[in-house]
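Coordinate inspection notes
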Amino acid sequence: MRIGGRDVTTDTPIPIHLPYDGSDVGTVFEATKDVVDEAVEAAAAAAPRMRALTLDERSTILRRAWEKLNADREEMAMAVSSECGKPIREARTEVDRSAQTLLFSAEQAHRIHGEVVPMDASPGGKGRWGMTIREPLGVIAAITPFNFPLNLSMHKIGPAIAAGNAVVHKPASSTPISAIRLARLLEASGLPPGALNVVTGPGGAIGDQLVFHPGVAMITFTGSPEVGMRIRNLAGLKKVTLELGNNSAVIIEDDADLEKAVPRSVTGSFAHSGQVCISVQRIFVNRKIREEFLDRFLTLTSKLRIGHPFDAQTEVSSLITEAEARRVAGWVEEAVGQGAHLVAGGQRRRATLEPTVLTDVSPDSRISCLEAFGPVVAVNSYDSLGEAIELVNRSEYGLQAGIYTRDLEKAFAAARQVQVGGFHINEVPQYRLDQMPYGGVKRSGIGREGPKYAVEEMTEPKLITWNV
Ligand code: NAP
């Protein structure tokens, strides 16, 4: 762990394994309650220093870290690939995106400002001036998932530093290595000791302590809806942002450009074995083009190269654990039992599940209703756009969705009617640029990320008035 700029260990090691074959890739340590307290205290001690840094000083630290991360690209990509098992080519992309997130955070630090309040718009405001400034919150607890261990951590840590806060970061138990590397990299870039602390250990054991801790002002969480709702219920008056799950849908209209829609739908369904919060899980294709779409989709899916994550050619590798692969395979079996057709994949070897395509899936199957978080996609057809929109909205989630069509009227009708935080026209829902406002409605969460929006969440406006 990293606390106050020092390495901290305990008597309980946690071995970290490569999910693909179970080989050892490192060891971290399980935090005790005292260690968690120590981390919050270190952050609280650093918070006044962070608050006192000028906007330019914060920006300079983040920009230096951006340079260092670019120089450390290959090592960091190996750390990410080793701990979460994603193909090395995707891990490199994640590092590049994390560098973008750092750079956007550095730029955002320069733009933190309040506004002038028109005091004399009220009868009692004559001769008064009013303004707001944005102040940091103090200590932020950042709790992150395994699937993008570096970039989703960066989406919390970059904006928190830009906003002048100190952080206690709890990465997912399976993926702590890149988090510790990132803390060292930021310290080497001039971040004051204690401004970023990393504690490792099971969320079920140390999560509540972080959420309840009186020294923590805000919890920023990315992960499953179950844990997110627990945090929200326990957090009382603390600020909370929650980036949760989805079962993303894309609509393929009969005028869609299939040359573009099909390859993006395949990548969107199977990148990182579907372990992406916006992974394409439900495809609704206009019945008139169902056969053509499916033929092309299955042809491209069959060409995906499955293998070891460190092989530069590998496009699909394992899930995070064998138990997860077994769970997803069980959902596929259940859907078939309820009448779905298995038209590709379905075979599992240890933690690796083949890219799997189901058609005619019952709306009551778990694959339709819940978040699969695996390499499986349900392709169903519809007759009218209204029906497709209704099917997309028949979900408890609402993170992102998309449509392929050449008809602007249809595209904007769908954009207005689909209940999500982000809607993409001629793009799959599995699309995110790091400056975008990103977050969901319904069970997909509350609050937005993207450095500009996260800085707003991580600061409070303070009003100052002046009786001239
Ligand atoms: P998870 O099981 O909810 O874990 C997320 C984090 O919460 C981990 O660090 C975990 O620690 C911790 N945690 C577990 N129990 C906790 C508790 N009681 N209190 C506080 N923290 C606790 O999620 P995951 O399996 O890592 O990630 C997959 C989920 O994340 C999916 O639902 C996916 O959709 C979602 N996700 C959402 C976004 C988004 O931006 N909307 C992005 C990526 C992923 P341990 O690892 O120690 O259990």
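Criteria and thresholds
- Every chain begins its residue count from 1, and numbering advances along the sequence as written.
- For a predicted model such as this one, the threshold for reporting local features is a pLDDT of at least 70, and the threshold for listing and counting side-chain atom pairs is 80 or more; totals across whole chains, interfaces and linings nevertheless cover every residue.
- Remark: hydrogens and water are excluded; side-chain values derive from all non-hydrogen atoms of the structure.
- A run of DSSP states H or I qualifies as a helix once it reaches four residues; a run of E qualifies as a strand once it reaches two. Both are numbered from the N-terminal end.
- Computation of the radius of gyration draws on C-alpha atoms, with the globule rule given as 2.2 Å multiplied by the number of residues to the power 0.38.
- Only protein chains enter the accessibility calculation, which uses a 1.4 Å probe; a residue whose area is less than 20% of its type maximum is buried, one above 50% is exposed, and one in between is partly exposed.
- Residue burial considers only the protein chains on display, and all accessible areas are found by Shrake-Rupley using a 1.4 Å probe.
- Only four residue types enter the tally: Lys and Arg on the positive side, Asp and Glu on the negative side; His and the chain ends are excluded.
- Taken as the charge centre is NZ of Lys, CZ of Arg, CG of Asp or CD of Glu, depending on the residue.
- Any N or O atom pair separated by 3.5 Å or less is treated as a polar contact, with the protein-specific requirement of one donor-capable and one acceptor-capable atom, and with residues adjacent in sequence counted only for side-chain atom pairs.
- Should any heavy atoms of two residues lie within 4.5 Å, those residues are considered in contact.
- Residues enter a nonpolar core if they are buried and are Ala, Val, Leu, Ile, Met, Phe, Trp, Tyr or Cys, with the set joined through side-chain atoms within 4.5 Å.
- Boundaries of every domain are those given by an automatic assignment or by a domain database.
- Simply put, the buried area is the total loss of 1.4 Å probe accessible area from both parts when two parts are fitted together.
- Nonpolar residues are Ala, Val, Leu, Ile, Met, Phe, Trp, Tyr, Cys and Pro. Charged residues are Asp, Glu, Lys and Arg, and all others, Gly as well, are polar.
- For this purpose, a residue is taken to be near a molecule or strand whenever a single non-hydrogen atom of the residue falls within 4 Å of it.

Brief notes about the overall build of the protein
Regarding its fold elements, the protein presents 15 helices and 24 strands. For 468 residues, the compact-globule formula gives about 23 Å, and the C-alpha radius of gyration of the protein, at 23 Å, lands near that figure. On the principal axes, the C-alpha backbone points of the protein span a range of 70 × 65 × 40 Å. A total of 468 residues make up the protein; the buried ones form 56% of that total. Split by element, the accessible area of the protein, about 18900 Å² in all, is 53% carbon and sulfur. Within the protein, the 57 negative side-chain charges are centred at a point lying 4 Å from the centre of the 51 positive side-chain charges.

Digging into the side chain of Asn246
Mapped onto the elements, Asn246 comes out in the loop between strand S11 (239-243) and strand S12 (248-252). Among the polar contacts listed, one links the side chain of Asn246 to the backbone nitrogen of Gly398, at a separation of 3.5 Å. Separated by 3.3 Å, the side chain of Asn246 and the backbone oxygen of Gln400 make a polar contact. Apart from residues no more than four positions distant in its own chain, Asn246 is found in contact with Cys277, Gln281, Glu371, Tyr397, Gly398, Leu399, Gln400 and Ser444.

Considerations on the nonpolar core
Membership of the largest hydrophobic core comes to 50 residues, with the highest contact counts inside it found for Leu69, Leu186 and Leu191. The greatest single-element share of this core, amounting to seven residues, is contributed by helix H4 (residues 88-109). Excluding anything up to four places from it in sequence, Leu186 contacts Ile61, Leu62, Ala65, Ile157, Ile161, Leu191 and Leu196. Met1, Ala39, Ala42 and Val216 belong to the second largest nonpolar core, which has 28 residues in total.

Notes on the domain arrangement of the protein
For an interface, size is often stated in terms of accessible area lost upon the parts coming together. Segmentation of the protein into domains returns domain 1 (2-244 + 444-467) and domain 2 (248-434). Distance from the C-alpha centre of domain 1 to the C-alpha centre of domain 2: 31 Å. Contacts between the two partners involve 33 residues from domain 1, matched on the other side by 31 residues from domain 2. When domain 1 packs against domain 2, the two sides together hide about 2600 Å² of surface, and 56% of this comes from carbon and sulfur. When the buried area of domain 1 at its contact with domain 2 is split by residue, Tyr20, Arg89 and Ser444 rank highest and sum to 25% of it. The interface formed by domain 1 and domain 2 holds 14 residue pairs in polar contact (both at pLDDT 80 or more) in total. Secondary-structure elements contributing two or more residues to the side of domain 1 that touches domain 2 are helix H3 (73-84), H4 and helix H5 (151-162). By residue number, the principal contributor to the side of domain 1 that touches domain 2 is H4, which donates six residues. Looking at the side of domain 1 that touches domain 2, its residues break down into 14 nonpolar, eleven polar and eight charged.

Quick notes on the site of the ligand
Neighbouring the ligand are 31 residues, the closest being Thr144, Ser173, Ser224, Leu244 and Glu371. Taking Phe146, its main chain carries an N or O atom lying 3.3 Å from an oxygen atom of the ligand. The side chain of Ser173 places a nitrogen or oxygen atom 2.5 Å from an oxygen atom of the ligand. Considered on its own, the ligand offers 910 Å² of accessible surface; in the complex 86% of this is hidden by protein. Sorting the residues of the shell around the ligand by element identifies helix H7 (203-212), strand S10 (218-222) and helix H8 (225-234) as the ones contributing at least two each. For the shell around the ligand, the element with the most residues is H8, which contributes four residues. Broken down by class, the residue content of the shell around the ligand amounts to 16 nonpolar, eleven polar and four charged. Here the shell around the ligand spans two domains, since at least three of its residues come from each of domain 1 (2-244 + 444-467) and domain 2 (248-434).

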